[in-house]
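# Fold and geometry: a report
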Amino acid sequence: MKKILCSPAVVFLFSINLLFHLIYTFYGYILSEEGFLITGQKLAYSGLLPFVDYNAWNSLLNNYLIGFYQLFIPPTIITQRLFGTLLSSIVYFLVLYIIYVVKKTEGIFLGAFLLTFGSFTYVYYSTIPFSESAMTLFLLISIACLSKALFSPKKAQLLHVLALVSAVISFPVRPQALGAVTIIWFYIASIYWKNPAHL
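The structure reproduced in this document is the subject of the present report. Because the structure is predicted, anything quoted here is derived from the model rather than measured. (Residues numbered from 1 in each chain as written. Predicted model: local features only at pLDDT ≥ 70, side-chain atom pairs only at ≥ 80, totals over all residues. Heavy atoms only, no water.)

### Remarks on unusual backbone geometry
- For Phe 51, which is not a glycine, the phi torsion comes out positive at approximately 65 degrees.
- Among the secondary structure elements, Phe 51 is positioned in the loop between helix H3 (32-45) and helix H4 (62-67).
- Of the residues examined, Phe 51 reaches a relative accessible area of 45% and is grouped as partly exposed. (Helix = DSSP H or I, 4+ residues; strand = E, 2+ residues; numbered from the N terminus. Buried < 20%, exposed > 50% of the residue type's maximum accessible area, 1.4 Å probe, protein only.)

Pasting the structure below:
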């Protein structure tokens, strides 16, 4: 797997993807939402509660999850965008990992190509750590666990638990994840309903 994910073609495409993110990070238009994100993170980490002490905009957990970088570096537009680029890079390789688990070598190059050139709008917005970024990350972790469980029966139970926990976390991060969380829950429930011996 390392040989495939570290192949020259994938590394080249990821380098281009990273270059786009860095260009957007340092030269991209500053959205007003970015200021809301930084302010919300500062308020959350100062001890205030989202939706109780301040308007958390649209997410219960995002300010805590996305804002933890400010424990190590000062929160600015640039550092926030760099953290968003890190999240986007993790999502990039999670998608390639899922493709690898399901299709082995087929589709890896196409997946890397589409993640790099498929939507410049996505690349731009994924530089900014909106709650959608964290929601996508947790849903992809869940899907990666479910994909791995298909081919690792001995670890399936643990992977199903991890998939369910990760999916459930995505909901308070972004309520729009409810549909995906419900599908994942029913999928896992159907596995154990059909085969109670797995419990």
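So, next bit.
### Regarding the packing of helix H2 (residues 8-27) against helix H6 (residues 108-117)
- At their nearest, the axes of H2 and H6 sit 9 Å apart, and the two run at 10 degrees to each other. In terms of orientation, H2 lies roughly parallel with respect to H6. For the crossing formed where H2 meets H6, the hand is left-handed. Residues Ala 9, Val 10, Leu 13, Ile 16, Asn 17 and Phe 20 of H2 form the contact with H6, whose own contacting residues are Ile 108, Phe 109, Ala 112, Phe 113, Leu 115, Thr 116 and Phe 117.
- When the residues that make up the contact of H2 with H6 are grouped by side-chain class, the tally is 11 nonpolar, 2 polar and no charged. (Axes fitted to C-alpha atoms, helices over the stretch in contact; angles between N-to-C directions. Parallel < 35°, antiparallel > 145°, perpendicular 65-115°, else oblique. Left-handed = near helix turned anticlockwise from the far one by under 90°. Contact = heavy atoms within 4.5 Å. Nonpolar A, V, L, I, M, F, W, Y, C, P; charged D, E, K, R; others polar.)

### Comments concerning H3
- For H3, which comprises 14 residues, the first-to-last C-alpha distance of 21 Å matches the rise-based estimate of 20 Å (1.5 Å per residue) to within 8%.
- Within the sequence span of H3, burial applies to Glu 34, Leu 37, Ile 38, Gly 40, Gln 41 and Ala 44. Taken around the axis of H3, the buried residues stretch over an arc of 160 degrees, which confines them to a single face. Turned more than 90 degrees away from the buried face of H3, the exposed residues are Ser 32 and Phe 36.
- In the core, the buried residues of H3 are packed alongside H4 and helix H5 (77-103).
- Within two residues after H3, Gly 47 carries a phi angle of roughly 110 degrees, on the positive side. (Expected span 1.5 Å × (residues − 1). Arc of directions from axis to C-beta.)

Read these as geometric descriptors, not functional statements.
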